[in-house]
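Summary of the model geometry
The primary structure of each chain is shown beneath.
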Amino acid sequence: MSSIELTPSQKNILRTLTTLHKESEDTIKGEDIAEQVDRNPGTIRNQMQSLKALQLVEGVPGPKGGYKPTATAYEALEIQQMDDPASVPLTHEGEDAEDVIVEEIDLSSVHHPELCRAEVHIQGAIDAFHEDDSVTVGPTPLSKLKIEGSVDGKDDTDNILILRIDDMVAPAEEPAH
């Protein structure tokens, strides 16, 4: 698979398109994307032309038209499309975070607990998360890993929440004989 290099702006627009498309399963108007990414609709139209040339979006003409992401768009963003993904709960400030999917959890510096961070890769909007907000991720399907922490930063381009870990538990189970 060839890797497509996108600018941060293109990534942001494409990620917004895939998120909105997942929610509605319909074509997405440029104005809706512009509103989400806080850009001018003309800028979005120009960016969409380059994304169409890269075969990442499909333009649908007409009054009910708009844009749809192609399968290549998901590959370029490294978003896994699954019919029935395992659900990993995520709570934000004690409330269940709706419309987000936890894709991946990367742990750094596990041998230095005070420096340990979790990078939580998310599908969906992360603009509601702010520094020092409390977040709980898990339990994960197999290991039942549960991470509690607070937002230390976020990468809006790649949809990653960086958590300072306060507690991490993966309960040991008795082996089944």
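Residues numbered from 1 in each chain as written. Predicted model: local features only at pLDDT ≥ 70, side-chain atom pairs only at ≥ 80, totals over all residues. Heavy atoms only, no water.

1. Looking at the sheet that holds strand 6 (residues 117-123)
- Reading across from one edge, 4-3-7-8-9-6-5 is the order of the seven strands in this open sheet, with antiparallel pairing throughout. Across the chains shown, the open sheet's two edge strands, defined by having one partner strand only, are strand 4 (95-96) and strand 5 (101-108).
- Bridge count for strand 7 (residues 134-137) against strand 8 (residues 146-155) is four bridges, and the pairing is antiparallel. Paired with Ser 134 across the two strands is Ser 150, which belongs to strand 8. (Pairing = 2+ DSSP bridges. Helix = DSSP H or I, 4+ residues; strand = E, 2+ residues; numbered from the N terminus.)

2. Details of the pairing of strand 8
- As paired strands, strand 8 and strand 9 (residues 160-169) are joined by nine bridges and run antiparallel to one another. Paired with Lys 154 across the two strands is Leu 161, which belongs to strand 9.
- With antiparallel pairing between neighbouring strands as the criterion, strand 8 and strand 9 make up a hairpin whose turn holds four residues, including Asn 159 at a positive phi of roughly 55°.

3. A word on the packing of helix 2 (residues 30-37) against helix 3 (residues 41-53)
- Interaxial distance between helix 2 and helix 3 falls to 8 Å at its minimum, and their mutual angle equals 110°. The angle between helix 2 and helix 3 falls in the class roughly perpendicular. Taken as a pair, helix 2 and helix 3 cross one another with a handedness that is right-handed. Along the contact surface, helix 2 presents Gly 30, Glu 31, Ile 33, Ala 34 and Val 37, while helix 3 presents Pro 41, Ile 44, Arg 45 and Met 48.
- By residue class, the composition of the contact of helix 2 with helix 3 is six nonpolar, one polar and two charged. (Axes fitted to C-alpha atoms, helices over the stretch in contact; angles between N-to-C directions. Parallel < 35°, antiparallel > 145°, perpendicular 65-115°, else oblique. Left-handed = near helix turned anticlockwise from the far one by under 90°. Contact = heavy atoms within 4.5 Å. Nonpolar A, V, L, I, M, F, W, Y, C, P; charged D, E, K, R; others polar.)

4. Focus: the environment of Met 168
- Along the chain, Met 168 turns up in strand 9.
- Separated by 30 residues in sequence, Met 168 and Gly 138 place their C-alpha atoms 9.8 Å apart.

5. Side note on the confidence of the model for the protein
- Residue-level pLDDT values for the protein average 84, and 88% of them are 70 or greater.
- Within the protein, no element has a lower average pLDDT than helix 4 (residues 71-76), which sits at 82, and none a higher one than strand 7, at 93. (pLDDT = per-residue confidence, 0-100.)

6. Notes on the pairing of strand 7
- Where strand 3 (residues 90-92) meets strand 7, three bridges bridge the pair, whose relative direction is antiparallel. Bridging across to strand 7, Leu 90 finds its partner in Val 137.

7. Side note on helix 2
- Taken together, the buried positions of helix 2 are occupied by Gly 30, Ile 33, Ala 34 and Val 37. When helix 2 is viewed along its axis, its buried side chains cluster within an angular range of 100° and face the same direction.
- If you follow the buried residues of helix 2, they end up packed against helix 1 (8-24), helix 3 and strand 2 (66-69).
- Phi turns positive one or two residues past the end of helix 2, at Asp 38, with a value near 60°. (Buried < 20%, exposed > 50% of the residue type's maximum accessible area, 1.4 Å probe, protein only. Arc of directions from axis to C-beta.)

8. A look at unusual backbone geometry
- Between Gly 138 and the following residue, Pro 139, the backbone shows a cis peptide bond with an omega angle of 10°.
- Here Pro 139 is to be found in the loop between strand 7 and strand 8.
- For Asp 38, which is not glycine, the phi torsion reads 60° and is therefore positive.
- Positionally, Asp 38 belongs in the loop between helix 2 and helix 3.
- You can call Asp 38 exposed: its relative accessible area is 69%.
- At Asp 132, a position not held by glycine, the phi torsion is positive, near 75°.
- Within the element layout of this structure, Asp 132 appears in the loop between strand 6 and strand 7.

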